[in-house]
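The chain contents come next:
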Protein chains: 2
Amino acid sequence: MSLRDNIRIVEPYVPGEQPQGDVIKLNTNESPFPPSPEVVKAIMNIDTDNLRKYPSFVCTELKNAIMQNYDVAEDEIFLGNGSDEVLALCFMTFFNSDKAVLFPDITYSFYPVWCSLYGIPYEQVPLKEDFTISKTDYCRSNGGVVIANPNAPTGILLSSEDVEYIVRYNKDSVVIIDEAYVDFGGESVVPLIHKYNNLVVVHTYSKSRNLAGIRVGYAMMCSELNAALEAVKNSFNSYTLNTVSQAAAAAAAADKAYFKKCTSEIKANRAYTVSELDRLGFKTLPSAANFIFSTHPAYSAKDIFEYLKSKNIYVRYFNKPRISDYLRITIGTGAEMSTLIAALEEYIK
Amino acid sequence: MSLRDNIRIVEPYVPGEQPQGDVIKLNTNESPFPPSPEVVKAIMNIDTDNLRKYPSFVCTELKNAIMQNYDVAEDEIFLGNGSDEVLALCFMTFFNSDKAVLFPDITYSFYPVWCSLYGIPYEQVPLKEDFTISKTDYCRSNGGVVIANPNAPTGILLSSEDVEYIVRYNKDSVVIIDEAYVDFGGESVVPLIHKYNNLVVVHTYSKSRNLAGIRVGYAMMCSELNAALEAVKNSFNSYTLNTVSQAAAAAAAADKAYFKKCTSEIKANRAYTVSELDRLGFKTLPSAANFIFSTHPAYSAKDIFEYLKSKNIYVRYFNKPRISDYLRITIGTGAEMSTLIAALEEYIK
């Protein structure tokens, strides 16, 4: 028995590139807009003396703000250090069966990583040829289901009716709907948590709330599921959300007008980008997210990715089966998207 | 197979009371002093526009600041969302054996909770009658060792020589030294990470850096151990440390003068409190921490705890074997300690 035998060795997960400096960053689905002015005020008004104390354990202010956005009760909200932590703790708590957890073969790449970390059996269910989800694929014996909706990196939305179909079928296992991108064109299934006790809906402040830097995510579910999740979380880390991030997220939740303005602008810029890409011969999947997934029949996605990088424009390329002909492009400001289109026009002409 | 069968059910860990309002809070070992003025400046100077982006993944600025405090390399530092998260991930990574992990019967109450969460076998080794640690108790077959030094809630310090003895013996298992309170009277064993590849030293910004509200902890160890820990962490949550907390912690690390001033004042207030408690007939264990552990031969600790609470003075009482006659009292400002002593004098006279 050597030292190494006592240590858990896992393959490190490698996050996307974080280029610094004067670049156009369309590779990690961040918002191109600054946080709400109310968030800035909340941070500047922090009682810094109070930072000597532990943060609020109950997070009442932030939960109240979320309750202004969704018709949920305080004990139906679970908060975490980014939606990645929320999802990781959900996997640990809710996927506790010997049966395989089901999720699409093409989806958020962290799902299989969490399964490996916690020793959860899983099965990657192939998307259809057109990258859509077939709801009946998830209606069979399983240890849980997790679906990103809209899906990533495709951007394709599954209808609320199809989500409900899957939730209704799986009454004995937990169905997690990861709605990180729902505010850019989808409709949240949060109201269904009052109808189904096996549904968990996960949201984030990193995308539509322009606050990836403060690391706040949350989930909504019935109070019984939430109690089990809180118990696991409190056996891991009692104080996951620092004082400043709690205040910033509460201010962001309260500024509904700014939220609407930012998400509307992303939708408009997405429509512009898709139509311009059409003109250049790209095929783009129908997106309900703040990114698009595009391919060009005549040019290699990898070559375009490298070319754009040389022009200081960063998009995301996945060297993986089925999607290696595609680029995932985050929707930025109008000016950023025009620069992208001009660069692509130059490349393709 | 019902829904409940698929869900992991754990006993919720219950953190200490967090009373609000105008109380003297000597129950959670927070600092009575505000953060350094440099921390306040760092927070007020945050580029709030940049909060739309993910935080730094590599945390170079904060690691550089820590390297000004300790002679360690960048790849020997592991950062986390409070030292609780750091410890939890260390347990998950380093205690991966079928043999029992060893720690004292009286120590930080989260250790057995993490073992239960991750299914790690453990054995609680009784402290000696005087609440000190016998180093030879940890020199036998084990799956790892974790020792809080100074220990909590006793405040008693194990000498660096005894720590090294334990680390040297256990060359095939990881020894974690949790130095959350070391800055109030102990000597860190961080230099030993260059001599032993099985040593992990955990620190926090919540105590001597006056920043419990920002949730930053860190650990130092050889780069090989750190690589294994980083891989597990990156399989859990890539971005655990938000942008504001990184900047605040870096500023706190850099302000060495303020750190020295605050820790010196705590030591002076501790000496005053111990001598006053002596005068009132209390017996206090020798403390190297920012709290003391005291008992009175003639009065029930639980009764004193309740009495102080009625006077809006919160201390910590543990209704547990061996220590139910003791109170753990955090060292506050001079004025707070005088008020405490006056209240106790009133009770005892």
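Residues numbered from 1 in each chain as written. Chains lettered and ligands numbered in written order. Predicted model: local features only at pLDDT ≥ 70, side-chain atom pairs only at ≥ 80, totals over all residues.

It is worth spelling out the sheet that holds strand 2 (residues 77–80) of chain A at this point. Residue and element names in this part refer to chain A. Read from one edge to the other, the open sheet built from seven strands follows the order 2-8-7-6-5-3-4, with strand pairing classed as mixed. Across the chains shown, the open sheet's two edge strands, defined by having one partner strand only, are strand 2 and strand 4 (122–125). Taken pair by pair, the neighbouring strands of this sheet meet at an average axis angle of 20°, ignoring direction. Taken together, the four bridges between strand 5 (residues 144–148) and strand 6 (residues 175–178) define a ladder with parallel strand orientation. Considered in strand 6, the bridge of isoleucine 147 is made with isoleucine 177. (Pairing = 2+ DSSP bridges. Helix = DSSP H or I, 4+ residues; strand = E, 2+ residues; numbered from the N terminus. Axes fitted to C-alpha atoms, helices over the stretch in contact; angles between N-to-C directions.)

This brings us to the pairing of strand 3 (residues 101–104) of chain B. Residues and elements named next belong to chain B. Bridge analysis of strand 3 against strand 4 (residues 122–125) gives four bridges, and the strand direction is parallel. Opposite proline 104, over in strand 4, you have valine 125 as the bridge partner. In this region the chain leaves strand 3, passes through helix 4 (residues 110–118) and returns to the parallel neighbour strand 4; the handedness of that crossover is right-handed. Strand direction decides the pairing type here: strand 3 and strand 5 (residues 144–148), joined by two bridges, are parallel. Residue pairing for strand 5: valine 101 is matched across the bridge by glycine 144. (Right-handed = clockwise from strand over helix to strand, strands pointing away.)

This next bit is on the packing of helix 1 (residues 37–44) of chain B against helix 7 (residues 243–254) of chain B. All names here are of chain B. At their nearest, the axes of helix 1 and helix 7 sit 8 Å apart, and the two run at 150° to each other. Judged by the inter-axis angle, helix 1 sits roughly antiparallel to helix 7. Considering the relative orientation of helix 1 and helix 7, their crossing is right-handed. Only Val244, Ala247, Ala248, Ala251, Ala252 and Ala254 of helix 7 make contact with helix 1, whose side of the interface consists of Glu38, Val39, Lys41, Ala42 and Ile43. (Parallel < 35°, antiparallel > 145°, perpendicular 65-115°, else oblique. Left-handed = near helix turned anticlockwise from the far one by under 90°. Contact = placed C-beta atoms within 7 Å.)

This part is about the relation of the copies chain A and chain B. When chain A is brought onto chain B, the operation consists of a screw motion whose angular component is 180° and whose axial shift is 0.0 Å, with 0.0 Å RMSD remaining. Here the transformation between the copies is reduced to the relation of a two-fold axis. Proximity to the rotation axis, assessed at the C-alpha, singles out A:Met44 in chain A; its C-alpha lies 3.0 Å from the axis. Residue by residue, 100% of the interface of chain A is reproduced at the interface of chain B, so both copies engage with the same surface. (Least-squares fit on C-alpha atoms with pLDDT ≥ 70 in both.)

Moving on, we get to the domain arrangement of chain A. All names here are of chain A. Partitioning chain A into domains gives domain 1 (16–34 + 257–348) and domain 2 (37–254). The distance between the C-alpha centroids of domain 1 and domain 2 comes to 26 Å. Domain 1 puts 24 residues into the contact, and the matching count from domain 2 is 19 residues. Counting only elements with at least two residues in the side of domain 1 that touches domain 2, the list comes to helix 8 (256–279) and strand 10 (291–295). (Domains from an automatic or database assignment.)

Contact with chain A, which involves 73 residues of that partner, is made by 73 residues of chain B. Elements that contribute at least two residues to the side of chain A that touches chain B include exactly helix 1 (37–44), helix 3 (82–94), helix 4 (110–118), helix 6 (223–234) and helix 7 (243–254) of chain A. Of all the elements, helix 3 of chain A adds the most residues to the side of chain A that touches chain B, at seven residues. Here the residues of the side of chain A that touches chain B are counted per class, giving 34 nonpolar, 27 polar and 12 charged. (Nonpolar A, V, L, I, M, F, W, Y, C, P; charged D, E, K, R; others polar.)

So, on to the packing of helix 3 of chain A against helix 6 of chain A. Residues and elements named next belong to chain A. Running from amino to carboxyl end, helix 3 crosses helix 6 at an angle of 110°, the nearest separation of the two axes being 9 Å. Relative to helix 6, the element helix 3 lies roughly perpendicular. Counting all contacts with helix 3, which are made through Leu89, Cys90, Met92 and Thr93, the residues of helix 6 involved are Ala228, Leu229, Val232 and Lys233. A per-class count over the contact of helix 3 with helix 6 returns six nonpolar, one polar and one charged.

All names here are of chain B. The sheet built from four strands is open, its strands ordered 9-10-13-12 with antiparallel pairing. In the strand order of this sheet, the two ends are held by strand 9 (283–284) and strand 12 (316–317), each with one partner. Both strand 12 and strand 13 (residues 326–330) contribute to a ladder of two bridges, which runs antiparallel. Note on strand 13: the bridge partner recorded for tyrosine 317 is leucine 327. Along the sheet, helix 8 (residues 256–279) contacts strand 9 and strand 10 (291–295); its crossing angle with strand 10, the most-contacted strand, is approximately 5°.

With that out of the way, let us pick up the environment of A:Val39. With respect to the helices and strands, the residue A:Val39 is situated in helix 1. Ignoring sequence-local partners within four residues, the contact set of A:Val39 consists of A:Leu211, A:Ala248, A:Ala251 and A:Ala252.

A word on the nonpolar core. By size, the foremost hydrophobic cluster in this structure holds 232 residues, and its most contacted members are A:Val200, A:Ala248, B:Val200 and B:Ala248. With residues near it in sequence (within four places) discarded, B:Ala248 still touches B:Val39, B:Ala42, B:Ile43, B:Leu211 and B:Ile214. (Core = buried A, V, L, I, M, F, W, Y, C linked by C-beta atoms within 7 Å. Buried ≥ 20, exposed ≤ 12 C-beta atoms within 10 Å, placed from the backbone.)

Here we come to the pairing of strand 6 (residues 175–178) of chain B. All names here are of chain B. Burial along strand 6 is two-sided: Val175 and Ile177 facing one way and Ile176 and Asp178 facing the other are all buried. Chirality of the crossover, the property in question, places the unit of strand 5, helix 5 (residues 160–169) and strand 6 among those that are right-handed. Both strand 6 and strand 7 (residues 199–204) contribute to a ladder of four bridges, which runs parallel. Of the residues in strand 7, the one forming a bridge with valine 175 is leucine 199.

Residue and element names in this part refer to chain A. Among the structural elements, lysine 256 can be located in helix 8. The class of lysine 256 is exposed, set by 12 C-beta atoms lying within 10 Å. Remark: the alpha-carbon pair of lysine 256 and alanine 212, spanning 44 residues in sequence, is separated by 18 Å.

An ideal rise of 1.5 Å per residue puts 18 Å on 13 residues; helix 3 (residues 82–94) of chain B measures up with 18 Å between its terminal C-alpha atoms. The element helix 3 of chain B is extensively covered by neighbouring structure, given that 13 of its 13 residues are classed as buried. (Expected span 1.5 Å × (residues − 1).)

Here we take up helix 6 of chain A. In this model, helix 6 of chain A (12 residues) spans 16 Å end to end at C-alpha, consistent with the 16 Å of a helix rising 1.5 Å per residue. For helix 6 of chain A, the elements touching its buried residues are strand 2, helix 3 and strand 7 (199–204) of chain A.

Moving on, we get to unusual backbone geometry. That bond from B:Asn149 to B:Pro150 is cis: its omega, -5°, falls within 30 degrees of zero. Along the chain, B:Pro150 falls in the loop between strand 5 and helix 5. Positive phi, close to 75°, is recorded for A:Arg322, a residue that is not glycine. Within the secondary structure layout, A:Arg322 lies in the loop between strand 12 (316–317) and strand 13 (326–330). A residue is classified by how many C-beta atoms lie within 10 Å of it, and A:Arg322, with 13 of them, is partly exposed.

Before going further, it helps to examine the confidence of the model for chain A. Put simply, chain A has an average pLDDT of 96, and 99% of its residues get 70 or more. Our summary of model confidence lists the complex with pTM equal to 0.97 and ipTM equal to 0.96. (pLDDT = per-residue confidence, 0-100.)

Another aspect to go through is the environment of A:Leu340. All names here are of chain A. When you line up the elements, leucine 340 lands in helix 10 (residues 334–348). On a C-alpha basis, the gap between leucine 340 and leucine 308 in space is 8.1 Å, while along the polypeptide they are 32 residues apart. Ignoring sequence-local partners within four residues, the contact set of leucine 340 consists of Ile24, Leu26 and Ile313.

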